[in-house]
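Reading the structure
This is what each chain is made of:
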Amino acid sequence: MELAEEPGTASEVIRLAALRRRTIATAESLTAGMVAASLGAVPGASAVFQGGAVTYQNEIKVSVLGVDPAGLAATGAVDARVARQMAEGARRVFAADLGVSTTGAAGPEPHGGKLVGTVYVAVASAAGTAVSEYLFDGDRNEVRTLACSAALQQLHAALIESDPGNKS
Amino acid sequence: MSTPPAKPAPTLNIANVLTVVRILLVPFFVWFLLLDDSAPGGGNGLFRWLAVAVFAVAIYTDKLDGDLARSRGLITDFGKIADPIADKLLIGSALILLSVLGELWWWVTIVILVRELGITVLRFAVIRYGVMPASRGGKLKTVIQTFAIFLYLLPLAGMVGDWYTWLAIAVMLAAVAVTVITGLDYIVQAVRLRRDSRARGQSGSATS
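The rules behind the values
Residues numbered from 1 in each chain as written. Chains lettered and ligands numbered in written order. Predicted model: local features only at pLDDT ≥ 70, side-chain atom pairs only at ≥ 80, totals over all residues. Heavy atoms only, no water. Helix = DSSP H or I, 4+ residues; strand = E, 2+ residues; numbered from the N terminus. Buried < 20%, exposed > 50% of the residue type's maximum accessible area, 1.4 Å probe, protein only. Contact = heavy atoms within 4.5 Å. Areas by Shrake-Rupley, 256 points an atom, 1.4 Å probe, with all protein chains shown as cover. Salt bridge = Lys/Arg side-chain N within 4 Å of Asp/Glu carboxyl O. Pairing = 2+ DSSP bridges. Right-handed = clockwise from strand over helix to strand, strands pointing away. Axes fitted to C-alpha atoms, helices over the stretch in contact; angles between N-to-C directions. Parallel < 35°, antiparallel > 145°, perpendicular 65-115°, else oblique. Left-handed = near helix turned anticlockwise from the far one by under 90°. Domains from an automatic or database assignment. Buried area = accessible area lost by both parts, 1.4 Å probe. Polar contact = N/O pair within 3.5 Å; in protein donor to acceptor, adjacent residues only side chain to side chain. Expected span 1.5 Å × (residues − 1). pLDDT = per-residue confidence, 0-100.

Looking at the overall build of chain B
Counting its regular elements, chain B contains seven helices and one strand. Tracing chain B from N to C terminus, the helices and strands come up as β-α-α-α-α-α-α-α. For chain B, the residues scored as buried account for 42% of the 208 residues in total. Residue pairs in contact within chain B that sit at least 24 positions apart in sequence constitute 75% of those at least 6 positions apart. For chain B, the accessible area works out to roughly 11,300 Å², and carbon and sulfur atoms hold 71% of it.

What about the pattern of salt bridges?
All names here are of chain B. Applying the stated criterion to the full structure yields 14 salt bridges over all chains. For lysine 141, the salt bridge goes to glutamate 116, with nearest N and O atoms at 2.9 Å. Of this pair, lysine 141 sits in helix α5 (residues 136-153) while glutamate 116 sits in helix α4 (residues 106-125), placing them 25 residues apart in sequence. Residue arginine 195 is joined to aspartate 196 by a salt bridge in which the shortest nitrogen-to-oxygen separation is 3.8 Å.

Comments concerning the pairing of strand β2 (residues 49-54) of chain A
Residue and element names in this part refer to chain A. When strand β1 (residues 24-28) meets β2, the two strands line up parallel, connected through five bridges. In the sheet register, glutamate 28 faces β2, and the bridge partner there is valine 54. Crossover β1 to β2 through helix α2 (residues 34-40) is right-handed.

Quick look at the packing of helix α1 (residues 14-37) of chain B against helix α3 (residues 77-100) of chain B
Residues and elements named next belong to chain B. One way to put it is that α1 packs onto α3 with a least axis distance of 9 Å and a crossing angle of 15 degrees. Classified by the angle between their axes, α1 and α3 sit roughly parallel to one another. The handedness of the crossing between α1 and α3 is left-handed. Here α1 contributes Asn16, Thr19, Val20, Arg22, Ile23, Val26, Phe29, Val30, Leu33 and Leu34 to the contact with α3, which in turn contributes Phe78, Gly79, Ala82, Asp83, Ala86, Asp87, Leu89, Leu90, Ser93, Ala94 and Leu97.

As for the domain arrangement of chain B
Residues and elements named next belong to chain B. When its domains are assigned, chain B resolves into domain 1 (11-103) and domain 2 (104-197). Between the C-alpha centres of domain 1 and domain 2 the distance comes to 17 Å. The partner domain 2 presents 20 residues to the 21 residues of domain 1 that form the contact. Buried area between domain 1 and domain 2, both sides added, is near 1,900 Å², and the carbon and sulfur share of it is 79%. The interface formed by domain 1 and domain 2 includes one salt bridge. With a shortest N-O distance of 3.7 Å, lysine 88 and glutamate 116 are connected by a salt bridge. Summed over the shared surface of domain 1 and domain 2, the number is six residue pairs in polar contact (both at pLDDT 80 or more). When contributions to the side of domain 1 that touches domain 2 are tallied by element, the ones reaching two or more residues are α1, α2 (46-72) and α3. Looking at the side of domain 1 that touches domain 2, the element that brings in the most residues is α3, giving 10 residues.

Points about α2 of chain B
Each α-helix turn comprises 3.6 residues. Residues three or four places apart therefore point the same way. For α2 of chain B, built from 27 residues, the straight-helix expectation of 39 Å at 1.5 Å per residue is met to within 8% by its first-to-last C-alpha distance of 38 Å. Phi for glycine 73 of chain B, located one or two positions after α2 of chain B, is positive at around 70 degrees.

Digging into the confidence of the model for chain B
Residues and elements named next belong to chain B. Scored by pLDDT, chain B has a mean of 85; 88% of the residues are at 70 or more. Across chain B, α1 holds the top mean pLDDT of 92, while strand β1 (residues 6-8) sits lowest at 57. Low pLDDT (under 50) marks residues 202-208, which in the prediction has 24 contacts with non-local residues, meaning those over four places away or in another chain.

Here it is in structure tokens:
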């Protein structure tokens with residue numbers, strides 16, 4: 001798929017977050033730390049990046065991030081509501097202004113009835129939580145890389161939308 | 001910290017706008033084809049070419065809006081329903097119109113439409129057991145159907161010779177074959193999905 005990671009999305013996120021004095025936390029399932037690693041690779045990340053959780057198993061999503069176990073059991077982990085609760089959980093646990101999450105079916109097998117390539121990315125902020133659904137084409141590595149890019153892009157979009165300077 | 005409200009992806013996004021435009025193009029496509037048929041001189045004139053152009057644009061937006069929605073996180077419930085409806089509306093009206101105009105055997109139109117509607121109903125019927133993925137064959141089917149209709153729509157037979165008619169017929173028959181075969185494949189999948197789902201309840205792999 002043509003959606004390669006734009007060079008410097010992570011740098012843009014860090015730069016914008018620093019400018020607007022927003023802190024960031026991550027909660028990752030299928031990307032397993034790729035988003036956190038991308039943010040951490042940028043010089044100056046320590047000013048804005050609070051921390052991140054790799055929550056691969058369902059019970060960890062529940063115990064660490066406070067995802068609703070009943071909903072998780074009903075829909076499986078690849079779900080918009082789970083992504084939302086993960087992002088909100090990261091924001092709460094790491095006391096950050098913005099929480100970003102990824103959950104999806106990386107393949108090679110479909111996951112809980114969700115097609116390989118289905119990815120949900122959520123960004124939680126004081127203004128609310130936005131969830132985006134993707135269906136990426138590619139093998140396991142490509143899907144994970146695209147999911148990581150998507151998370152950084154949504155984080156960037158949320159930072160642009162956020163009210164400059166006014167920390168609510 | 002209170003729980004902030006949840007915002008889903010906006011329904012009014014570029015992918016959905018393209019889907020709606022595609023639905024709105026269908027009446028123009030039908031209108032141009034009928035106008036051409038009733039034109040003095042027996043048709044295959046300007047309006048036929050306009051119909052071809054509208055069909056081509058609609059097919060292009062179909063690919064474009066799907067790619068945009070999937071790669072940019074613009075997948076919405078509206079799009080999931082409206083996109084396949086737009087798709088079937090376009091293909092369906094093209095086949096029916098070609099048959100009405102006497103250019104395509106009715107049995108071809110009927111076989112393809114019965115299969116398309118049948119599988120759509122089947123998808124909804126088994127949705128509680130799981131989603132049936134659009135197979136590789138399903139994508140091939142759409143490409144061949146579209147190509148066959150495009151060949152039938154282009155008024156070239158009179159200009160380039162009989163071979164063109166035969167080519168169009170061959171591609172249309174291939175479209176029918178692929179349509180029927182992928183239809184049968186979906187039925188097998190649906191039966192398997194229902195059986196597996198009943199056998200093991202919720203799947204528990206750790207790929208997420």
